[in-house]
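Residue-level structure breakdown
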Amino acid sequence: MNFCPQCASPIAELLIDSEIRKGCPNTQCGFVLWNNPVPVVAMIVEVEGGVVMAHNVSWPKSFYSIITGFLEAGEDPEECARRETMEELNLHALETKLIGVYPFAQQNQVIIAYHVRAAGEIKLNHELDDYKIVPPAEIKPWPMGTGLALTDWLQQTGVQPA
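So, here is what we can say about the structure in this document.

Within the secondary structure, Thr-96 sits in strand S7 (residues 92-104). What makes Thr-96 buried here is its relative accessible area of 17%. Once you skip the residues sitting within four places of it in the chain, Thr-96 turns out to touch Glu-78, Arg-82, His-115 and Val-116.

Here's what the structure looks like:
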C-alpha cells in the first residue's frame with residue numbers, strides 16, 4: 001500500500017506505541033495499517049482409510065495438504081470447519097475437535113486447526129483438482145503452518161509422524 005485509503009496521502013513509516021508501523025503522516029487523518037493476520041481454518045479430514053490430502057489447482061503438482069478455508073465475519077471457527085469440509089469435499093462432518101492454533105507468518109495468517117471425522121462421497125470443488133486418502137502412519141508433516149497441526153494431531157492419536 002503506497003497511499004492512505006482515507007485521505008490519499010503517501011503512506012510513511014511512523015512510530016506508534018513504540019513500534020514502527022506504516023500509516024498516514026497526516027495527523028488529522030490518523031490511518032494506521034495494522035496488518036493483522038487473517039484467520040484461516042484448517043481441517044484434518046479423516047474418512048475411512050485415512051486423511052484426505054488434496055491438491056489445490058494453484059499449487060505445485062506434487063504438493064498435497066489438508067483442507068483450509070477463510071473464516072467468514074461473525075462465523076464460529078468450528079462451524080467454518082464443517083462448512084469448508086462440505087464446500088470443498090462434499091463431506092458431512094460427523095465430529096469436530098480443536099487441534100490447536102498456529103502462526104503462519106509467511107502468509108500473514110493464523111491457522112485454527114480441527115480434526116474432522118467425516119462421511120460421504122468426495123466431490124471436489126473448483127479450488128481442488130485431485131486428492132488422496134493417506135493412512136495416518138504414512139503422513140509426512142512439514143515444519144510450518146498446517147504441517148504443525150498434522151504433527152500435533154498425529155502425536156495426540158499416538159502415531160509417530162513419518
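Now that the structure has been shown, the text picks up again.
Let us now look at the environment of Ala-42. Its location among the elements puts Ala-42 in strand S4 (residues 38-47). Put simply, Ala-42 and Pro-103 are 61 residues apart on the chain and 12 Å apart in space, counted from C-alpha to C-alpha. In this structure, Ala-42 is in contact with Ile-66, Ile-67, Thr-68, Ile-111, Ile-112, Ala-113, Tyr-114 and Thr-146, ignoring residues within four places of it in sequence.

Now for the packing of aromatic side chains. Per the counting criterion, the structure on display carries two aromatic pairs. Taking 5.4 Å as the distance between ring centres and 65° as the angle between the ring planes, the aromatic pair formed by Phe-63 and Trp-142 counts as edge-to-face. With a gap of 79 residues between them, Phe-63 in the loop between strand S5 (50-56) and strand S6 (67-70) and Trp-142 in the loop between strand S9 (128-134) and helix H2 (146-156) connect regions that are remote in the sequence. Classification of Phe-63 as partly exposed rests on a relative accessible area of 33%. Counting every residue linked through ring pairs, the aromatic cluster contains Trp-59, Phe-63 and Trp-142. Of note, Lys-132 hangs over the ring of Tyr-64, and the distance from its end group to the ring centre comes to 4.3 Å.

Right, let's talk about the sheet that holds strand S3 (residues 32-33) for a bit. Strand pairing within a sheet occurs via backbone hydrogen bonds; the two strands may be parallel or antiparallel. Reading across from one edge, S1-S2-S3 is the order of the three strands in this open sheet, with antiparallel pairing throughout. Every other strand in the sheet has two partners, leaving strand S1 (12-16) and S3 as the edge strands with one partner each. Relative to strand S2 (residues 19-23), S1 runs antiparallel, the two sharing five bridges. Bridge pairing links Glu-13 to Lys-22 in S2.

Quick look at H2 now. Buried within H2 are the following residues: Thr-146, Gly-147, Ala-149, Leu-150, Trp-153 and Leu-154. Seen from one end, H2 has its buried residues packed into an arc of 155°, which puts them on one side. Residues of H2 that are buried in the fold lie against S4, S5, S6, S7 and strand S8 (109-119).

On the secondary structure map, Glu-84 appears in helix H1 (residues 77-89). Contact partners of Glu-84, with chain neighbours within four places excluded, come to Met-43, Ile-67, Thr-68, Gly-69, Phe-70 and Leu-89.

As a further point, take H1. Since there are 3.6 residues in each turn of an α-helix, residues three or four apart along the chain are aligned in direction. With 13 residues, H1 should reach 18 Å at 1.5 Å per residue; the first-to-last C-alpha distance of 18 Å fits that figure. Where H1 is concerned, the buried positions are Cys-80, Ala-81, Glu-84, Thr-85, Glu-88 and Leu-89. Projected onto a plane normal to the axis of H1, the buried residues spread over an arc of 135° and lie on a single side. Looking at the buried side of H1, the elements it contacts are S4, S5, S6, S8 and S9. Its side-chain oxygen 2.8 Å from the backbone nitrogen of Glu-78, Asp-76 forms the N-cap of H1.

We now examine the environment of Lys-132. Tracing the sequence through the fold places Lys-132 in strand S9. Sequence separation between Lys-132 and Gln-160 is 28 residues; the distance between their C-alpha atoms is 20 Å. In contact with Lys-132, other than residues within four places in its own chain, are Val-51, Val-52, Met-53 and Tyr-64.

Criteria and cut-off values
Residues numbered from 1 in each chain as written. Predicted model: local features only at pLDDT ≥ 70, side-chain atom pairs only at ≥ 80, totals over all residues. Heavy atoms only, no water. Helix = DSSP H or I, 4+ residues; strand = E, 2+ residues; numbered from the N terminus. Buried < 20%, exposed > 50% of the residue type's maximum accessible area, 1.4 Å probe, protein only. Contact = heavy atoms within 4.5 Å. Phe/Tyr/Trp six-rings, centres within 6.5 Å; stacked < 30°, edge-to-face > 60°. Lys NZ or Arg CZ within 6 Å of the ring centre and 35° of its normal. Pairing = 2+ DSSP bridges. Arc of directions from axis to C-beta. Expected span 1.5 Å × (residues − 1). Polar contact = N/O pair within 3.5 Å; in protein donor to acceptor, adjacent residues only side chain to side chain.

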